[in-house]
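Geometric and topological summary
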Amino acid sequence: MYPYLRMIWGWQRAKSQPKLAVNAMHVSSHRCWPQDIDMWMELNNGRTLTIYDLGRIPMGVRVGLMDALKRERWGLTVAGSVVRYRRRILPFEKFEMRSRGLFWDDKFFYVEQSIWKKSGECANHAVFRTAITDKSGIVPPDRVLAALGHEGPSPLAPEWVQQWLKAEEMRPWPPMQDLPMQQEKAA
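Quick caveat, the model's predicted, so the values are computed rather than measured.

Turning our eyes to something else, we now look at the packing of helix H1 (residues 4-15) against helix H2 (residues 45-63). Where H1 meets H2, the closest approach of the two axes is 8 Å, and the angle between their N-to-C directions is 25°. The angle between H1 and H2 places the two elements in the roughly parallel class. H1 and H2 meet at a crossing whose hand is right-handed. Where H1 approaches H2, its residues Arg6, Met7, Gly10, Trp11, Ala14 and Lys15 are matched on the opposing element by Arg47, Ile51, Asp53, Leu54, Ile57, Pro58, Val61 and Arg62. Per-class residue counts for the contact of H1 with H2 are eight nonpolar, one polar and five charged.

What follows is about the pairing of strand E1 (residues 25-31). The alternating pattern of E1 places His26, Ser28 and His30 on a buried face and Met25, Val27, Ser29 and Arg31 on a face that is not buried. Note that E1 and strand E3 (residues 94-104) share seven bridges and pair antiparallel. The residue bridging His26 from the neighbouring strand is Ser99, located in E3.

Moving on: the environment of Gly46. Position of Gly46 relative to the elements: it lies in helix H2. Distance in space between the C-alpha atoms of Gly46 and Ala146 is 34 Å, their sequence separation being 100 residues.

A separate point is the nonpolar core. Membership of the largest hydrophobic core comes to 32 residues, with the highest contact counts inside it found for Trp74, Ile89, Ile115, Ile132 and Val144. Among the elements that line this core, the one with the most residues is H2, at seven residues. In terms of nonpolar packing, the next biggest core, distinct from the first, is built from 10 residues, Phe103, Phe108, Tyr110 and Leu165 among them.

The rules behind the values
Residues numbered from 1 in each chain as written. Predicted model: local features only at pLDDT ≥ 70, side-chain atom pairs only at ≥ 80, totals over all residues. Heavy atoms only, no water. Axes fitted to C-alpha atoms, helices over the stretch in contact; angles between N-to-C directions. Helix = DSSP H or I, 4+ residues; strand = E, 2+ residues; numbered from the N terminus. Parallel < 35°, antiparallel > 145°, perpendicular 65-115°, else oblique. Left-handed = near helix turned anticlockwise from the far one by under 90°. Contact = heavy atoms within 4.5 Å. Nonpolar A, V, L, I, M, F, W, Y, C, P; charged D, E, K, R; others polar. Buried < 20%, exposed > 50% of the residue type's maximum accessible area, 1.4 Å probe, protein only. Pairing = 2+ DSSP bridges. Core = buried A, V, L, I, M, F, W, Y, C linked by side-chain atoms within 4.5 Å.

Dropping the structure here:
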């Protein structure tokens, strides 16, 4: 089940924190609860993606994005992600999440997030490609930034993110669904 109560708590807490610039760091504290673990007694990899919402949405509150979404009747969606998992998060373990706007292009906002253990080790790291939407489709970032009162160009995308985006351009869409069926028929 989606962690609605944790999201509400994070949202309310963010409303009382200082406002952030669009690319400033939002830091939040969390704990791995029993509903977050898998059969290996660690934070489930899929749940990690959900828990990243608990950093991105409160960051959006502090940036002013959530107010703009409500005012403009916009929506928010994830259009892609890349994640690296490196350290286990165990039941009841406390951890820190760091979330920040990384850069934007003509369609998408890119958000960088990481989870850090109390030992100072990075447990995992992700970049999310996100979009603001309305009934017509994707709202251009320049329009969103104007609604936030932000002026200025996007920060440069890190080289490794540029390479990920190039790889995404090469990825077929829709996926080649008939390939496994052809292999089965040949066998």
